[in-house]
Amino acid sequence: MDSRQFRLSVLRFSLLGIFAIYHGFVVGEDVNQTSYLVVNASDGSGWRAPDTLFGLFFEEINHAGAGGLWAELVSNRGFEAGGPNTPSNIDPWSIIGDESSIIVSTDRSSCFDRNKIALKMEVLCSPDGSNTCPTGGVGIYNPGYWGMNIEQGKTYKVVLHVKSLESFEFFVSLASSDGSSILANTNIVGAASDFSNWRKVEVLLEAKGTDHNGRLQLTRTSKGVMWFDQVSAIPTDTYKGHGFRNELTEMLASLKPRFIRFPGGCFVEGEWLRNAFRWKETIGPWEERPGHFGDVWKYWTDDGLGYFEFLQLAEDLGASPVWVFNNGISHNDQVATSTVLPFLQELLDSIEFARGDANSTWGSVRAAMGHPKPFDLKYVALGNEDCGKKNYRGNYLKFYYVLKTAHPDIKIISNCDGSYRQLDHPAHLYDFHVYTSASNMFSMSHKFDGTPRSGPKVFVSEYAVTGKDAGTGSFLAALAEAGFLIGLERNSDVIEMASYAPLFVNANDRRWNPDAIVFDSWRHYGTPSYWMQQFFRESSGATVLNINLKGNSSTSLVASAITWKDGDNNYLRIKIVNFGSNSVSLKISVEGLAPNSVDFTQSKKTVFTSKELMGENSFEEPNKVVPVESLFREAGTDMDVLLAPHSLTSLDLLRQSNTPEIMNIVEDWMYASSV
């Protein structure tokens, strides 16, 4: 259908709309009940959305990685969280026994140069005599991150480093939360000659029982002194064998993300540069990583989830990595542009680590970690929310021109917002963050309608409804966000990327509300905002169609239409958000499709709504607010759809060839349905 035909269709529906309004006045009907949507689905219409349109943003916040996505069960595995000085705090490690039977302390005897703290355990009791060890022995235990999920039949790999000046026997156990039940157990026997220097010990433990709040124990029943360091416990069934918690990663994969932005967020900056994320400290063998205190969100991370693992996660998800790099600026201190060159070299080294040949200086480090093939890194964000800070522009420009020369294919992302005025510096993309109320978020479905179509593209890297409208993840928030995303989809000629934030929250450490995915040691669920994103899984790389929405209720409606291909099947998806409190009768005309070209036997309608606007999911009711899918028998080129109040509706039309064989099948199905 050409543009003239499309304009005539719009005019036809506009006239119908005027008649419907008149008819409404005559019979007393609610004039806000009817709207008209014309979709131009003719060949060659619309435009291709960026392949990277919708993705993920990960930040180490709310214990999202440590104790969450990263499957390590031991918290403070290297005893470094208490700081580099001794004596230090070993929390959450605790002793089994009392002061008459065991003494634990820290010293700087570790064999690892970058994390020198080790734990010294002195057992004072014996199997017999005046100071007899209690049944089961004495020692230390680690409860993990608010409990370790130990499940019957699963195998856990425990790694620890041990030193002793005398022969010994000790036990490695997985136990119930109070230690009363041993779920898996093995003993380690060693001679002084073998353990007088630090030695790595690895064991596999298969759980004979289940406790979702279990713990790891290191115990002995005989007198003696020994040292422990870098103690790890991790399930063997991680996502693709790369250390990510299966069920949480599968939730990410379900969204079909096209990119993942990492590692923050404010986590990149730090309150002070001394606590900022430094990628070189997070690579190499996990035992040698020093870890660091994330002073923005106020907790320690062992950095088991480091730069390499983020790149691996992106690859595992089939997503483009977006590397957010600190350009010498934190919340409270900054590096002057005249002295920022060492930070620039760090960035260049990080790119060589990701993309360099396996024989290059930093590429060889990556290869030694098991990934000789380069990662596909093509996006770098220079800083996070730093625009307006004194040194940002100068630092940014120095980074930009060097990076553009050294790696011309990398797209560089500025922190400065170019949505309302032209940037005063070059960039491929600019970062846009929005946290606001539900009504404001919905109104922003038109935010980028007037954005200049030339210049840097938009990266909406953080968006969410927050405050009283959001609770800890409300349907109202998700509905408003859906309206916003429809606006991004319809402006995807200028929008290149968008991602919700934050992604994860451990229910035991809610630093920020709301979040997309909630978890604890063993449970998880998606908030309505997570389920809302499912409606946009096929939008990246899809063809966005021209539409026209008319009617008195159109101020409470936003809509979009896309086509995409899944294997041999061609689909047309129409999404409509009704943000109003009234039902709306929507009359849809799809122009450009041949008659009987829609296979209504396989077309679907998905509705996302809630009895309560502030309805939330929970561990007890994880599917309280989720989309409901049904067969859409009314699928065709002309459709009448009733939109529920406060709802998101998706119509998925399967397009087919108009062949006699298919028509016979359709006619037979129609006949059978009518009998």
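To keep things clear, this report deals only with the structure shown in the data block. Only a predicted model underlies this, so the values are computations on that prediction, with no experimental measurement involved.

**Concerning unusual backbone geometry**
- Residues T86 and P87 are joined by a peptide bond in cis, for which omega reads -5°.
- Among the secondary structure elements, P87 is positioned in the loop between β3 (56–57) and β4 (94–96).
- Located in the positive-phi region is K298, a residue other than glycine, with phi close to 70°.
- Of note, D303 is a non-glycine position whose phi angle comes to about 60°, a positive value.
- Along the chain, D303 falls in the loop between β17 (299–301) and α5 (307–317).
- The exposure class of D303 is buried, given its relative accessible area of 2%.

**With respect to the state of the cysteines**
- Taken as a whole and judged by the stated rule, the model has two disulfides.
- The disulfide bridge from C125 ends at C133, spanning 2.0 Å between sulfur atoms. One disulfide, between C125 and C133, carries an S-S torsion of 95° and so falls in the right-handed class.
- According to the relative accessible area criterion, C133 is buried, its value standing at 11%.
- Linked covalently through their sulfurs, C387 and C416 form a disulfide whose S-S length is 2.0 Å. The sign of the S-S torsion, about 100°, decides the handedness of the disulfide formed by C387 and C416: right-handed. One end of the pair, C387, is in the loop between β19 (379–382) and α8 (392–406); the other, C416, is in the loop between β20 (411–414) and β21 (429–436), and 29 residues separate them in sequence.
- By relative accessible area, which is 8% here, C416 ends up buried.
- The connectivity of the disulfide bonds within the protein can be written as 1-2, 3-4, using the sequence rank of each bonded cysteine.

Thresholds, definitions, all that
- Residues numbered from 1 in each chain as written.
- Predicted model: local features only at pLDDT ≥ 70, side-chain atom pairs only at ≥ 80, totals over all residues.
- Heavy atoms only, no water.
- Helix = DSSP H or I, 4+ residues; strand = E, 2+ residues; numbered from the N terminus.
- Buried < 20%, exposed > 50% of the residue type's maximum accessible area, 1.4 Å probe, protein only.
- Disulfide = S-S within 2.5 Å.

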